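# Structural characterization, general
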Amino acid sequence: MDDDDPVIRVRELRKTFRVPEREAGLKASLKSLVRRTHRDVHAVAGVSFDIAPGEVVGFLGPNGAGKTTTLKMLSGLLYPTSGEAVVLGHTPQRREKDYLRQITLVMGNRNQLQWDIPAGDSFEMNRAIYRIPDAEFRRTRDELVELLELGDLVKKPVRNLSLGERMKAEICGALLHRPRVLFLDEPTIGLDVTAQKRIRAFLAEYNRRHGASVLLTSHYMADVQALCRRVIVIDGGVVLYDGGLRELTTRFSPHRTLTVTLPDPTLDLSGYGEIVQPPDDEGRVVLRVPTERSSEVAAALLTGTGVSGLTIEDPPVEDVIEQVFAGSREPA
Ligand SMILES: Nc1ncnc2c1ncn2[C@@H]1O[C@H](COP(=O)(O)OP(=O)(O)OP(=O)(O)O)[C@@H](O)[C@H]1O
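Residues numbered from 1 in each chain as written. Predicted model: local features only at pLDDT ≥ 70, side-chain atom pairs only at ≥ 80, totals over all residues. Heavy atoms only, no water.

## Points about the site of the ligand
What surrounds the ligand is a group of 13 residues, the closest being N63, G64, K67, T68 and T69. Within the side chain of N63, one N or O atom sits 2.8 Å away from an oxygen atom of the ligand. Note that an oxygen atom of the ligand is positioned 2.9 Å from one of the backbone N or O atoms of G66. Protein chains bury 62% of the 640 Å² of accessible surface belonging to the ligand in isolation. Every element with two or more residues in the shell around the ligand is listed here: strand 1 (8–21), strand 2 (37–51) and helix 2 (67–74). Among the residues making up the shell around the ligand, the classes are represented as six nonpolar, six polar and one charged. (Near = heavy atom within 4 Å. Polar contact = N/O pair within 3.5 Å; in protein donor to acceptor, adjacent residues only side chain to side chain. Areas by Shrake-Rupley, 256 points an atom, 1.4 Å probe, with all protein chains shown as cover. Helix = DSSP H or I, 4+ residues; strand = E, 2+ residues; numbered from the N terminus. Nonpolar A, V, L, I, M, F, W, Y, C, P; charged D, E, K, R; others polar.)

As structure tokens, this is what we get:
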């Protein structure tokens, strides 16, 4: 592998689950004993993308979009139905030791640490499983404990930790072997805002220090905005968008909001855009303008009206993503 080869290369990856189909009612149940019918669920339906070394990419989609199934295939927990995935030069489903030593999968809604013993003892178990040399283990553990502000919490049984504390311990345990690729499935789910921020800051710092590549799913757009310059949006098992987070807004959001403070509230701005909110007591007017004209309109307002303040805002990312899904569900 060359240094700038993609660390993750996915081509036409598919996973179809065959699920038994059952109608309600006694008669249908009896019938299903004799003749079983099945239905195919196309959880991942032909996904392709590359991820470069050190990239942090947001993997976004509504419930049931196929995110977890993709991450499980990439970490070798599920066999693909067809297509190809190569991560760090390995085929994940072979689950080679040398591969598993270089990746990690963190699932926000699953425990990997032992419940009844302190996290620190589970860390020791990970040291043995991954055969991490003693000195290296201590160095990594101490660095992670400090970065995650875990302190003595690693000495308490995991069951006595709060959700946020447990998640930090889970992340610490998942990174002791210094993986080069991190698959993070909702690592901040259910946490309060402060704990979410701490985990975000930690991930950004870990990526900066160690150059790890990260594929992250989260329903919290604050995670995505803080960590990912690029996002892959999927729905119904297919990729709807793969590109910059900023470009996503430009492409899928037709409007921007301009808030203008006027020295003279009687000025008529209707020629510049749609007035969403007329002047308030402080002379602030809110305009909606087409995204592609927003810079030009802002310049015209500054030179033509002598405004004393002007801000341009993108719509919230949540709304933009909603727009992407809505577009893909419209009948052709
Ligand atoms: N083991 C399974 N057997 C049958 N169907 C499954 C299985 N695992 C997932 N699915 C189905 O595959 C689809 C994709 O599920 P997946 O868990 O990958 O979605 P997701 O994008 O991670 O969703 P969420 O945001 O809710 O976690 C869903 O329709 C789900 O019901």
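The discussion continues.
## With respect to the pattern of salt bridges
Counted according to the given criterion, the structure contains 25 salt bridges. A salt bridge links R256 to D314, with the nearest nitrogen and oxygen atoms 2.7 Å apart. One end of the pair, R256, is in strand 10 (residues 255–261); the other, D314, is in the loop between strand 13 (309–313) and helix 11 (317–329), and 58 residues separate them in sequence. A relative accessible area of 15% places R256 in the buried class. With relative accessibility at 29%, the residue D314 sits in the partly exposed group. Residues E282 and R284 are paired through a salt bridge, measuring 3.2 Å at the closest nitrogen-oxygen approach. Look at the salt bridges and you will find they share partners, linking E124, R127, D134, R141 and D142 into a network. (Salt bridge = Lys/Arg side-chain N within 4 Å of Asp/Glu carboxyl O. Buried < 20%, exposed > 50% of the residue type's maximum accessible area, 1.4 Å probe, protein only.)

## Topic: the domain arrangement of the chain
For the chain, the assigned domains are domain 1 (8–102 + 179–249) and domain 2 (254–313). Taken over C-alpha atoms, the centre of domain 1 sits 41 Å from the centre of domain 2. (Domains from an automatic or database assignment.)

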